[in-house]
Amino acid sequence: INTVKNGETLELTPEHPIYIKRGGVYQYCCAKDVVLSDMLSFKTPVLSNHTGDNLEAYVLGLYLAEGYYCLDKRKNKNGSVRKPLYRISFAFNKNEIEFIEMVIKYFKQFGKTPCMSNSKISEAITISFYIKEDESYKFDKFFQCGRVAFEKKIPSFIWQMNKEYVINYLKGIFDGDGHFVDTTR
């Protein structure tokens, strides 16, 4: 398969599944069945069964693409020092409702309520969850992904998970930062 964008060759086994756009419809097919008019898509559909480990994997992928964490050391209103809290945050476009809902669903499992703030200068919304230091172990997988963009990485534990977990993780990353360009126009 030769790609149009940069002319690179993509070599695959004949039975390798490919996500394509054919006749305006996104679908999977085997590499051997791809025809010249098919558009190769690197964006796969969001699975509807994001529950349990699949939800965790997908949200971790979204975190790698759209999230960050910090240690919040603010003081109490009376000026005394409070115990530090970890703040795990995600920044989305306000129209990315499906992603926002999945992130909230995941953190609600742990009794976490989202703190949401809208940008005054863009279409962005930030969703934050505050984590007490003594419960931070529950969110260790997020911390292993990195704190901010230039520290981000795919943590080694991902490659030890089952195939479905890895696929959901990678879908989260791509859905957060990936895109598909339709060059048929």
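Details of the structure are given in the entry above.
Residues numbered from 1 in each chain as written. Predicted model: local features only at pLDDT ≥ 70, side-chain atom pairs only at ≥ 80, totals over all residues. Heavy atoms only, no water.

A. Quick peek at the overall build of the chain. What the chain contains, in helices and strands, is four helices and seven strands. Along the chain, helices and strands appear, N-terminal first, in the series β-β-β-α-β-β-α-β-β-α-α. The burial tally for the chain puts 38% of its 185 residues in the buried class. Within the chain, contacts between residues at least 6 apart in sequence are counted, and of these 55% link residues at least 24 apart. For the chain, the accessible area works out to roughly 11,500 Å², and carbon and sulfur atoms hold 54% of it. (Helix = DSSP H or I, 4+ residues; strand = E, 2+ residues; numbered from the N terminus. Buried < 20%, exposed > 50% of the residue type's maximum accessible area, 1.4 Å probe, protein only. Contact = heavy atoms within 4.5 Å. Areas by Shrake-Rupley, 256 points an atom, 1.4 Å probe, with all protein chains shown as cover.)

B. How the structure looks around helix 2 (residues 97-108). An ideal rise of 1.5 Å per residue puts 16 Å on twelve residues; helix 2 measures up with 16 Å between its terminal C-alpha atoms. For helix 2, the full list of buried residues reads Phe99, Ile100, Met102, Val103, Ile104, Tyr106 and Phe107. (Expected span 1.5 Å × (residues − 1).)

C. Main features of the side chain of asparagine 54. Position of asparagine 54 among the secondary structure elements: in helix 1 (residues 52-66). Since its relative accessible area comes to 12%, asparagine 54 is described here as buried. At 3.0 Å, the side chain of asparagine 54 forms a polar contact with the side chain of glutamate 164. (Polar contact = N/O pair within 3.5 Å; in protein donor to acceptor, adjacent residues only side chain to side chain.)

D. Summary view of the pattern of salt bridges. Within the structure shown, the criterion is met by six salt bridges. Two residues, glutamate 56 and lysine 141, come together in a salt bridge whose shortest N-O distance is 2.9 Å. Linking glutamate 56 in helix 1 with lysine 141 in helix 3 (residues 140-145), this pair joins segments that are 85 residues apart in sequence. Residue arginine 147 is joined to glutamate 151 by a salt bridge in which the shortest nitrogen-to-oxygen separation is 3.3 Å. (Salt bridge = Lys/Arg side-chain N within 4 Å of Asp/Glu carboxyl O.)

E. Main features of helix 4 (residues 163-177). In a regular helix each residue adds 1.5 Å, so 15 residues correspond to 21 Å; helix 4 covers 21 Å between its end C-alpha atoms and thus fits that length. Every buried residue belonging to helix 4 is among Tyr165, Val166, Asn168, Tyr169, Lys171, Gly172, Asp175 and Gly176, and all of these are buried.

F. The nonpolar core, seen in detail. Counting residues in hydrophobic clusters, the biggest one holds 33 residues, and the most contacted among them are Ile88, Phe90, Phe92, Phe107 and Phe142. Those elements that provide at least two residues to this core are helix 1, strand 5 (85-93), helix 2, strand 7 (124-132), helix 3 and helix 4. By residue number, the principal contributor to this core is helix 1, which donates eight residues. Leaving out residues up to four positions away in the same chain, phenylalanine 107 has contacts with Val59, Ile88, Phe90, Lys112, Phe129, Phe139 and Phe142. (Core = buried A, V, L, I, M, F, W, Y, C linked by side-chain atoms within 4.5 Å.)

G. Representation of the side chain of glutamate 56. Taking relative accessible area as the criterion, glutamate 56 reaches 13% and is therefore assigned buried. Separated by 2.9 Å, the side chains of glutamate 56 and lysine 141 make a polar contact. The residues contacting glutamate 56, other than those within four sequence positions of it, are Tyr106, Lys141 and Tyr165.

H. A nonpolar patch on the surface, seen in detail. Residues Ile154, Trp159 and Leu170 make up a contiguous nonpolar surface patch of roughly 280 Å² in combined accessible area. Looking at the element boundaries, isoleucine 154 is found in the loop between helix 3 and helix 4. (Patch = residues over 30% accessible without salt bridge, like charges linked within 9 Å, V, L, I, M, F, W, Y side chains within 5 Å.)

I. The arrangement of the environment of cysteine 70 in detail. In this structure, cysteine 70 sits in strand 4 (residues 67-72). When its relative accessible area of 19% is taken as the criterion, cysteine 70 is described as buried. Between the C-alpha atom of cysteine 70 and that of tyrosine 130, which follows or precedes it by 60 residues, the distance is 9.9 Å. Not counting the four nearest positions on each side in its chain, cysteine 70 is found in contact with Leu85, Tyr86 and Arg87.

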